[in-house]
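Topology and contacts: notes
One letter stands for each residue in the lines below.
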Amino acid sequence: MQFVDEFRNPELIKRLSDAIHAEVTARTYRIMEICGGHTHSIYRFGLQEMLPPNIELIHGPGCPVCVLPVGKVDEALLLARTHDLTLTAFGDVMRVPGSRESPFQAKAQGADIRMVYSPMDALKIALADPSREVVFFAIGFETTAPSTALTILNAKQLGAENFSVFCNHVTVGPPLRAIMTNEFFDLDGFIGPGHVSTVIGLDPYAFVADEFHRPIVVTGFEPADLMESILWLVKLINEGQATVENQYVRAVQRAGNRTALAAMTEVFEERPSFEWRGLGYIESSALRLREPYQAFDAELRYSVTPIRSPEPEGALCGEVLIGLKRPEDCPLLGTTCKPESPVGALMVSSEGACSAYYTYVHGRLVTSGERS
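This is a predicted model, so every value here is computed, not measured.

Thresholds, definitions, all that
- Residues numbered from 1 in each chain as written.
- Predicted model: local features only at pLDDT ≥ 70, side-chain atom pairs only at ≥ 80, totals over all residues.
- Heavy atoms only, no water.
- Helix = DSSP H or I, 4+ residues; strand = E, 2+ residues; numbered from the N terminus.
- Buried < 20%, exposed > 50% of the residue type's maximum accessible area, 1.4 Å probe, protein only.
- Expected span 1.5 Å × (residues − 1).
- Contact = heavy atoms within 4.5 Å.
- Axes fitted to C-alpha atoms, helices over the stretch in contact; angles between N-to-C directions.
- Parallel < 35°, antiparallel > 145°, perpendicular 65-115°, else oblique.
- Left-handed = near helix turned anticlockwise from the far one by under 90°.
- Nonpolar A, V, L, I, M, F, W, Y, C, P; charged D, E, K, R; others polar.
- Disulfide = S-S within 2.5 Å.

A look at the environment of Thr 181
Mapped onto the elements of the fold, Thr 181 is located in the loop between α8 (173–180) and β7 (189–192). Using a relative accessible area of 55% as the deciding quantity, one classes Thr 181 as exposed.

Examining helix α3 (residues 70–82)
Across its 13 residues, α3 extends 18 Å between first and last C-alpha, which sits within 8% of the 18 Å expected from 1.5 Å per residue. Among the 13 residues in α3, ten count as buried, and that is most of the element. Its buried side turned inward, α3 meets β3 (85–89), α5 (103–108), β4 (113–115), β5 (133–140), β6 (163–169) and β11 (273–276).

Looking at the packing of helix α1 (residues 10–23) against helix α11 (residues 223–239)
Geometrically, a packed helix pair is captured by the angle between its two axes and the distance between the axes. The contact between α1 and α11 brings their axes to 9 Å, and the two run at 15°. Looking at the two axes, α1 sits roughly parallel to α11. As for the relative orientation of α1 and α11, their crossing is left-handed in sense. Residues Leu 12, Ile 13, Leu 16, Ser 17, Ala 19, Ile 20 and Glu 23 of α1 form the contact with α11, whose participating residues are Pro 223, Ala 224, Met 227, Glu 228, Ile 230, Leu 231, Val 234, Lys 235 and Asn 238. Tallied by class, residues from the contact of α1 with α11 come to eleven nonpolar, two polar and three charged.

Looking at the state of the cysteines
Each disulfide consists of one covalent bond between the sulfur atoms belonging to two cysteines. Enumeration over the complete set of coordinates arrives at one disulfide. The disulfide bridge from Cys 63 ends at Cys 66, spanning 2.3 Å between sulfur atoms. Taking the sign of the S-S torsion, about 65° here, the bridge from Cys 63 to Cys 66 comes out right-handed. Residue Cys 63 is classed as buried on the basis of its relative accessible area of 2%. You can see Cys 35 has no disulfide; the closest cysteine sulfur is in Cys 63, sitting 8.7 Å from it. Between Cys 167, a cysteine without a disulfide, and Cys 63, which holds the nearest cysteine sulfur, the sulfur-to-sulfur distance is 18 Å.

Written out as structure tokens, the structure is:
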């Protein structure tokens with residue numbers, strides 16, 4: 001298989017569906033897809049409808065915008081409002097609601113907040129006007145952390161003293177561990193994230209198999225990828241095998257991307273603790289700048305004070321994010337919370353579970369009268 005169309009071949013997907021139906025037993029299979037990109041593919045292609053009813057797919061905390069707690073947005077906006085600086089952020093971050101407003105709303109009210117496509121874009125803004133302070137609002141898992149690290153290395157080399165990073169990069173392993181140690185969860189296997197695994201490889205997931213005795217299959221994002229991975233997981237669960245498997249061989253190597261990992265190791269170190277939406281504070285689950293690069297740390301430069309802000313009233317963002325609830329369980333979905341007027345981050349991001357459900361399922365159910 002070399003082209004996207006081949007991974008969407010209806011005959012192939014039907015054969016995989018038939019194979020899954022042939023493999024399942026009477027038991028229930030509770031499988032969590034960690035990555036929000038997988039959640040969107042599952043909804044978009046209607047994969048759940050092609051599976052036996054005793055396979056339950058549970059959405060996990062792999063949406064980089066969604067895991068950011070409300071307080072972090074508030075901190076960034078306070079930074080922009082109380083200092084004469086330019087705050088830059090990715091497009092999906094611009095629409096994430098804080099406790100009172102989103103970055104887009106703050107921009108409309110006069111704050112200098114600009115959308116960028118990469119941290120290098122933010123550095124270019126800083127280099128174009130050395131008299132103005134520029135802060136990059138950095139978020140994401142190990143997928144995006146290397147680009148931030150390389151940008152900081154460039155900033156140091158170029159002497160961009162007016163550039164800094166408000167670092168909120170997180171790592172995928174600790175929240176996964178937190179979920180598995182939660183008494184409310186009884187999971188049988190995991191669909192492992194594809195994008196982040198291109199950077200970190202397979203070894204960081206070894207604890208899933210070794211300590212918690214659950215299989216995990218790192219997976220691509222096309223329907224055939226997901227159906228094949230579910231077939232693998234069903235077989236592994238039936239056999240009582242707990243291993244780390246790589247279905248996404250066309251993109252993921254066991255050792256990951258050594259260049260990206262080296263840049264991260266050079267620039268970042270683990271934070272002692274970090275707050276996650278829905279999971280609270282998790283030890284060693286995020287990154288901060290090492291001492292040689294702390295001149296580019298916006299938290300230190302501007303003495304950012306941590307803010308703890310509550311979730312929007314009535315929203316189930318935290319519960320949906322970690323799989324305790326489903327998007328359709330939230331009373332705000334499709335009423336006050338829509339893509340054009342999001343109440344919570346899960347409706348904003350292209351990897352948010354609520355955005356996926358609203359886009360691919362909710363409208364169809366409303367039209368058919370199954371949901372009002």
